[in-house]
Amino acid sequence: MIEIKDLVKTFHRGSVNEVLALSGITLKMRKGDFITIIGSNGAGKSTLLNCLAGSTGIDSGHIVIDEEDVSRWPEHRRSTWISRVFQDPLLGTCGSLSIEQNLALANRRGRSHGLGRGVKRSDQEIFKKQLAQLGLGLESRLKDKVGLLSGGQRQALTLLMATMIRPKVLLLDEHTAALDPKTAHQVLSLTQKLIKEQHLTALMVTHNMQQALQLGNRLIMLHGGRVILDVSGAEKQAMAVEDLLEQFYKVRGEEFVSDRMLLV
Amino acid sequence: MGALEQGFAYGFLVLGVYLTFRVLDFPDLTVDGSLPLGAAVSAVAISAGVDPFVSLLLALAAGFCAGMVTGILNTKFGILHLLASILTMIALYSINLRIMGRPNMTLLGKPTVLDPVTSSGISMFNAAPLLFGVFSILALLLLFWLLHTAFGLAMQATGANRQMITSQGVNTDNVIILTVGLSNGLAAVSGALLCQSQGAADVNMGVGTIVAGLASVIVGETLFGCQSVGRALLAALLGSVIYRLAIALALSLKLGQFSFTPSDLNLLTALLVVAALTLPGLRRKVLRR
Ligand SMILES: Nc1ncnc2c1ncn2[C@@H]1O[C@H](COP(=O)(O)OP(=O)(O)OP(=O)(O)O)[C@@H](O)[C@H]1O
Ligand SMILES: [Mg+2]
């Protein structure tokens, strides 16, 4: 179980540019929860994920994973349990290394990267099998530099790398936003498949409300660094995009037209 | 002193510079101090009766520590890499003087790593290029192996994509500290070999080391390419030899009354690096028109 308790994060504290990005987020995630997160620009969605991963420090509050308080753990240590896929397809993989070398690094996530052989013979067969699942023909290109791949291929590879060693939490921050619609769809199906097969606990940020309703078993709406809606199960299934909009007006009573909120 | 001999002796340094500049993307000027550090440690050790080969290991260790200091200043204290390395370099000047107790030290009549080679009948003239060549190729093979270990992959990723490798659970601080350490250890070995073959160590022998090292890396890359790690390592080592040959050639040039002196080398090298760094960009601009 993952518990977020009263998480507060301020940027530029004490200066005129002070921004309260997260103002006391409390969230209990059960094992196997697949939560979609929506909210307008600047709502704090990325900040929440960055705070969980440890790439952004927090002001106060606690992050507890399986009874262990990881709030003070550095990012590299947290990545033993938390893996992520970024919006930028270039961020999750290393372009100057080959596909098999990237996979080998991911295959050691949370273990020591010592003086043993980087890519073992025995691993290559496993890598091939795992790549074949993606259906992108990457299994015959183990030695190719990742820099040669397309954004969609890189994102699929990043997903594979993030789930090779089963994480306790998978963080996805608009990971299909930079892809063309067809590729985005492929990567999304892969996401669903991996989460389902491994019963992963996942948090997925999206700007597509339809998608947020279709995927996962729970939906959270953030606004101004707060959770303003948290629905799951049947309640979520019964919802339509209009309901989400209505909910939003009810809670906030504010203009809710944001350039990136898609009503598709 | 032969260009080949110098090229291989400086080869260690150049391989180290390749590690920091190219693999880690960490501009490290510490080598200007760690090369004479290696020379000083080796000279003092040999004078105290230590075996010359063991003195190389001592130099390696000393250089490693110096590099680690730079790495720690950068990662743990948050000092900009360039500044961190300048601080260590400056500090090493004083430390090198302390180690030797004076600005320079001769090794005349003392044993060196070349003795076993010359005593086997190979002439003094051939001994140094041969031995240093073998040593630097061994170093190259070791680095080739290292860069293909899991640590080596993490090292490459640290230079190329820090976010990615952190997300894979690697503490990049440690990788940086160890890699900059290794690079300076190699620079110190260069210093130790040079002092043994030249017969003296001097606190000022490090001036311009980084520029020469960088020039060698760039010359190698330009001539031999860097498509793979193995190729890039080989290019760096060959670049070192070719750079020394080019310097020797420049020094032997006579243009009427004018000829270059060894004191002009730093200027020439700096110009060479500027040219190598800007020419590819210029060429692209010209081709686009
Ligand atoms: N590194 C930073 N420095 C300063 N302010 C920041 C930083 N990162 C985020 N912020 C601010 O914190 C607030 C929340 O930003 P965040 O990126 O979490 O929003 P988001 O919900 O992910 O938005 P988007 O939908 O645009 O991605 C914003 O007001 C933003 O300007
Ligand atoms: Mg965001």
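What comes next concerns the included structure.

Cut-off values and rules
- Residue positions are counted from 1 within each chain, in the order its sequence is given.
- By the order in which they are written, chains take letters starting at A while ligands take numbers starting at 1.
- Reporting in this predicted model follows two pLDDT cut-offs: at least 70 for local features of residues, and 80 or more for side-chain atom pairs to be given and counted; totals over whole chains, interfaces and linings ignore these cut-offs and use all residues.
- With hydrogens and water set aside, each side-chain value is computed from the structure's full complement of heavy atoms.
- Under the scheme applied here, a residue whose accessible area is under 20% of the maximum for its type counts as buried, over 50% as exposed, and between as partly exposed, the area being computed with a 1.4 Å probe on protein chains only.
- Put simply, DSSP H or I for four residues or longer makes a helix, DSSP E for two residues or longer makes a strand, and each gets a number counted from the N terminus.
- A pair of strands is treated as paired once DSSP finds two or more bridges between them.
- Residues are treated as being in contact if the distance between any of their heavy atoms lies within 4.5 Å.
- Axis lines are fitted to C-alpha atoms, over the contacting stretch for helices. Their N-to-C directions set the angle, which ranges from 0 to 180 degrees.
- Summed over both partners, the accessible surface that disappears when two parts come together, traced with a 1.4 Å probe, is what is meant by buried area.
- Only one rule defines a salt bridge in this text: a Lys or Arg side-chain nitrogen within 4 Å of an Asp or Glu carboxyl oxygen.
- Distance and chemistry together define a polar contact, namely a pair of N or O atoms within 3.5 Å, with one atom able to donate a hydrogen and the other to accept it when in protein, and with adjacent residues in sequence counting only for side-chain atoms on both sides.

Here we look at the pairing of strand S6 (residues 82–85) of chain A
Residue and element names in this part refer to chain A.
Here is step 1: The side-chain alternation of S6 yields two buried faces, one formed by Ile82 and Arg84 and the other by Ser83 and Val85.
Here is step 2: Relative to strand S7 (residues 169–173), S6 runs parallel, the two being bridged by four bridges. Bridge pairing in S7 places Arg84 opposite Leu171.

Considering the sheet that holds strand S5 (residues 68–69) of chain A
All names here are of chain A.
Here is step 1: Strand order across the open sheet formed by four strands is S2-S1-S4-S5, with antiparallel pairing between neighbours. Among the strands making up the open sheet, the edge pair consists of strand S2 (19–29) and S5.
Here is step 2: Where helix H1 (residues 45–53) meets the sheet, it contacts strand S1 (2–11), S2 and strand S4 (60–65), and its direction lies at approximately 115° from that of S1.

Topic: the interface of chain A and chain B
Bring the parts together and some accessible area is lost; that lost area is often taken as the interface size.
Here is step 1: Each partner contributes residues to the interface: chain A has 30 residues there, and chain B has 22 residues.
Here is step 2: Counting the surface lost from both chain A and chain B, the interface buries some 2000 Å², and carbon and sulfur atoms represent 62% of this.
Here is step 3: Counting the surface chain A buries against chain B, the share from its top three residues, His76, His113 and Leu115 of chain A, is 28%.
Here is step 4: If you look at where chain A meets chain B, you find zero salt bridges.
Here is step 5: Seen at the junction of chain A and chain B, the total is twelve residue pairs in polar contact (both at pLDDT 80 or more).

Things to note about the pattern of salt bridges
Note on pairing: side chains with opposite charge can pair once their charged atoms come close.
Here is step 1: Counted according to the given criterion, the structure contains 14 salt bridges over all chains.
Here is step 2: The partner of Glu197 of chain A in a salt bridge is Lys193 of chain A, with the nearest N and O atoms 4.0 Å apart. One end of the pair, Glu197 of chain A, and the other, Lys193 of chain A, are both in helix H6 (residues 181–197), four residues apart, so they sit about a helical turn from each other.
Here is step 3: Residue classification places Glu197 of chain A among the partly exposed residues on the basis of a relative accessible area of 48%.
Here is step 4: Residue Lys193 of chain A is classed as partly exposed on the basis of its relative accessible area of 32%.
Here is step 5: When the shortest N-O distance is used, the salt bridge between Arg22 of chain B and Glu221 of chain B registers 2.6 Å. You can see Arg22 of chain B sitting in helix H2 (residues 11–23) and its partner Glu221 of chain B sitting in helix H11 (residues 209–224), a full 199 residues away along the chain.

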